[in-house]
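Listed below, chain by chain, are the residues.
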Amino acid sequence: MAKKCFVCGKTVKFADPGASTADKKTICGDDLNKLFNKPKGKGVSFKATQWASQHSSDEINYLLTNHKIVSDEGKNANNKWYQNKTIIAAIIIVSVLIIGGMAAGGSSDSSSSDAKSEQASKKKDSESEKVEKEKVKNTCDAINQQIAQHEELDGFKLKPAGDGTQFTVEVPATATALSDNEQKSVYQSMLKLIYSYDNGTNEGTMVEFQDQMGNMVARSSYLGDGSIKLTK
């Protein structure tokens, strides 16, 4: 048997939305939804049905007459978090900041690692260059002592060249006055001394020959084979 809504008198059929009050009276879905700020024609929520069953018809009439809202389900239903543009924008901004922070952190860690690697490489290169310079200096000191024992090399002097990792041979005027073949022979003798020192560790190193004015008169082959090329 159909029942009537005690508020508006509307017939509430079995399949129509509605609810029973604590004093067993029937309220239609539209009147009940007014208390939950839901639009007319919408279904009744389980929450609304439960609420109605716990309140009398007099209580409900009082609330409706005074336009009281029990719960703002309509606003909540139309403003779910995933439908709220403000919340979505806030989530996007926070996500971007977090990801950006992680990327910046990764980039910073990577940059720091690269910087440390570069510093270590520079330090290694610096130490290697220092060792090489010391080696060249020791070679020059030792060979200059040997030069004194070779009459044909009288007046020659070996010294570090450029950045201190190569050799320059200062030659006397008596050497530059020799014929080309004689000069090559003398310079090759000097080159052999340099290459043979310290178990041949200097072999292949570029060696330049300069006169006492600092002008280059000859150099060893770029192939490092011990041959001499005059620069006249």
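Below, the structure is looked at part by part. (Residues numbered from 1 in each chain as written. Predicted model: local features only at pLDDT ≥ 70, side-chain atom pairs only at ≥ 80, totals over all residues. Heavy atoms only, no water.)

**A look at the overall build of the protein**
And step 1. Across its full length, the protein carries 7 helices and 9 strands.
And step 2. Out of the 232 residues in the protein, the part that is buried amounts to 29%.
And step 3. In the protein, the share of contacts with a sequence separation of at least 24, taken over all contacts with a separation of at least 6, comes to 50%.
And step 4. Surface accessibility of the protein: about 15200 Å² in total, with carbon and sulfur atoms responsible for 52%. (Helix = DSSP H or I, 4+ residues; strand = E, 2+ residues; numbered from the N terminus. Buried < 20%, exposed > 50% of the residue type's maximum accessible area, 1.4 Å probe, protein only. Contact = heavy atoms within 4.5 Å. Areas by Shrake-Rupley, 256 points an atom, 1.4 Å probe, with all protein chains shown as cover.)

**What about the packing of aromatic side chains?**
And step 1. What the rule picks out here adds up to 3 aromatic pairs.
And step 2. Each ring, one from Phe 36 and one from Trp 51, has its centre 5.8 Å from the other, and the planes form 85°; the classification is edge-to-face. With Phe 36 in the loop between helix 1 (29–34) and helix 2 (46–53) and Trp 51 in helix 2, this pair connects stretches of sequence that are 15 residues apart.
And step 3. Assessed through its relative accessible area of 0%, Phe 36 is described here as buried.
And step 4. Their ring planes at 70° and their centres at 6.3 Å tell us that Phe 156 and Tyr 187 sit as a pair that is edge-to-face. Placement of Phe 156 in the loop between helix 5 (85–147) and strand 5 (157–161) and of Tyr 187 in helix 7 (residues 180–200) is noted, with a sequence separation of 31 residues between them. Judged on exposure class, the residue Phe 156 and its partner Tyr 187 are both buried. (Phe/Tyr/Trp six-rings, centres within 6.5 Å; stacked < 30°, edge-to-face > 60°.)

**Overview of the side chain of Thr 139**
And step 1. Position of Thr 139 relative to the elements: it lies in helix 5.
And step 2. What makes Thr 139 buried here is its relative accessible area of 0%.
And step 3. Once residues lying within four places of it in the same chain are set aside, the contact partners of Thr 139 are Leu 158, Phe 167, Tyr 197 and Asn 202.

**What to know about the layout of surface pockets**
And step 1. Estimates place the volume of the largest pocket at around 160 Å³.
And step 2. Taken together, 11 residues line the largest pocket, and the ones lying closest to its centre are Lys 3, Val 12, Lys 13, Phe 14 and Thr 26.
And step 3. A class-by-class count of the residues in the lining of the largest pocket yields 5 nonpolar, 3 polar and 3 charged. (1 Å grid on protein atoms, 1.4 Å probe; cavity = no way out; pocket = protein on both sides within 12 Å on 5 of 7 lines; lining within 4 Å. Points joined across faces, edges and corners; volume = space filled by probe spheres on them. Nonpolar A, V, L, I, M, F, W, Y, C, P; charged D, E, K, R; others polar.)

**Some words on helix 2**
Three- or four-residue spacings in an α-helix give side chains the same orientation, since the helix completes a turn every 3.6 residues.
And step 1. The set of residues buried in helix 2 consists of Ala 48, Trp 51 and Ala 52. Buried residues in helix 2, looked at end-on, bunch into an arc of 100°, giving them a common side. (Arc of directions from axis to C-beta.)

**Quick look at the pattern of salt bridges**
Oppositely charged side chains can form a pair if their charged atoms are brought close together.
And step 1. Counted by the stated rule, this structure contains 4 salt bridges.
And step 2. Across the pair Asp 31 and Lys 34 runs a salt bridge, and its minimum N-O distance is 3.3 Å. Of this pair, Asp 31 and Lys 34 are both found in helix 1, 3 residues apart, which corresponds to roughly one turn of the helix.
And step 3. When its relative accessible area of 5% is taken as the criterion, Asp 31 is described as buried. (Salt bridge = Lys/Arg side-chain N within 4 Å of Asp/Glu carboxyl O.)

**Remarks on the sheet that holds strand 7 (residues 207–210)**
And step 1. Here we have 5 strands laid out as an open sheet, ordered 5-6-7-8-9, and mixed in their pairing. Of all the strands in the sheet, just strand 5 and strand 9 (228–230) have a single pairing partner and so form its edges. Going from strand to strand, the sheet's axes swing by 25° on average, the running direction of each strand aside.
And step 2. Pairing geometry for strand 7 and strand 8 (residues 216–220), over 3 bridges, is antiparallel. By the bridge assignment for strand 8, Glu 208 is matched with Arg 219.
And step 3. Along the sheet face, helix 7 touches strand 5, strand 6 (166–170), strand 7, strand 8 and strand 9 and points at about 140° away from the line of strand 9. (Pairing = 2+ DSSP bridges. Axes fitted to C-alpha atoms, helices over the stretch in contact; angles between N-to-C directions.)

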